[in-house]
Structure formats: C-alpha cells, structure tokens
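Below are the chains, spelled out letter by letter.
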Amino acid sequence: YFPLDLESLCDSSLPCNLQCHIMTCQYVPFATKEALDELQRLAAEHGVISKRNAKKTFLQQLWKRLANYYPAPGKGGEGVSCIVDLSREK
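Rules of the game
Residues numbered from 1 in each chain as written. Predicted model: local features only at pLDDT ≥ 70, side-chain atom pairs only at ≥ 80, totals over all residues. Heavy atoms only, no water. Helix = DSSP H or I, 4+ residues; strand = E, 2+ residues; numbered from the N terminus. Buried < 20%, exposed > 50% of the residue type's maximum accessible area, 1.4 Å probe, protein only. Contact = heavy atoms within 4.5 Å. Areas by Shrake-Rupley, 256 points an atom, 1.4 Å probe, with all protein chains shown as cover. Salt bridge = Lys/Arg side-chain N within 4 Å of Asp/Glu carboxyl O. Expected span 1.5 Å × (residues − 1). Arc of directions from axis to C-beta.

Undergrad: Give me the overall build of the protein chain: which residues, what numbers.
TA: Within the protein chain, the regular secondary structure consists of 4 helices and 0 strands. In the protein chain, the succession of α and β elements from N to C terminus is α-α-α-α. Within the protein chain, buried positions represent 14% of all 90 residues. Contacts spanning at least 24 positions in sequence make up 43% of the contacts within the protein chain whose residues lie at least 6 apart. For the protein chain, the computed accessible surface area is about 7,400 Å², with 57% contributed by carbon and sulfur atoms.

Undergrad: A description of the pattern of salt bridges should follow, citing residues and the corresponding values.
TA: According to the stated counting rule, one finds 2 salt bridges in the structure shown. In this structure, the salt-bridge partner of Arg 41 is Glu 38, at a minimum N-O distance of 2.7 Å. With a gap of 3 residues between them, Arg 41 and Glu 38 both fall in helix α3 (residues 30-46), about one helical turn apart. When its relative accessible area of 41% is taken as the criterion, Arg 41 is described as partly exposed. Put simply, Arg 41 and Glu 45 hold a salt bridge, and the shortest N to O gap is 2.6 Å. Residue Arg 41 and its partner Glu 45 are both found in helix α3; the two are separated by 4 residues, about one turn of the helix. Through salt bridges with shared partners, one network takes in Glu 38, Arg 41 and Glu 45.

Undergrad: Just give me the short version of helix α4 (residues 54-69), but keep the residues and values in it.
TA: Over its 16 residues, α4 extends 23 Å from the first C-alpha to the last, a length consistent with the 22 Å expected when each residue adds 1.5 Å. Leu 59, Trp 63, Leu 66 and Ala 67 are the residues of α4 that are buried. Down the axis of α4, the buried set is contained in an arc of 100 degrees. They therefore lie on one face. Counted as exposed and oriented over 90 degrees from the buried face of α4: Lys 64, Arg 65, Asn 68 and Tyr 69.

What follows is the structure in structure tokens.
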C-alpha cells in the first residue's frame, strides 16, 4: 500500500493501515518491526498523546520530502508517481 496523493496519505485510516502493513510485510526488517512495537509500548506506557494537527503536519512534510525524490512527471513534483517493486531489489 502506498498513497498516490497527499489526501490519501492524510486519510485517518492510514496509521492503522501503515502499521498493519509494516508489521506483516516480508520486506520490512525484523529490527524495524521490533522498534515499532517498542515505540507503541512506550507510548501506551507513558500515555503519550500527539498535539492537534501534528499528524497532518508530519504527513505534509513527509509528502513534500517524497516529492523531492520522486517527482511526478508533468506535475512539477507535486506527487509521487513511482511505485517501487521491492521484489526486484534483492
């Protein structure tokens, strides 16, 4: 799963979808999965709550950085058009 525009990236179901994908994807290193589990445990343990609009701001910054690396053809870098096939990168 990879969103093709900022609106899809900011969808409220993304965190759950992304977390589920990361935890089940065979291409994600085990250490990354362990780190995500640890961060979730620590957040729950310490009662961490993000500030209002923090997720949206973070995702907008992430999208902007992605657009710099994978500019969409003909759109001046406003979106990501590159879908990477990880099975070929072995």
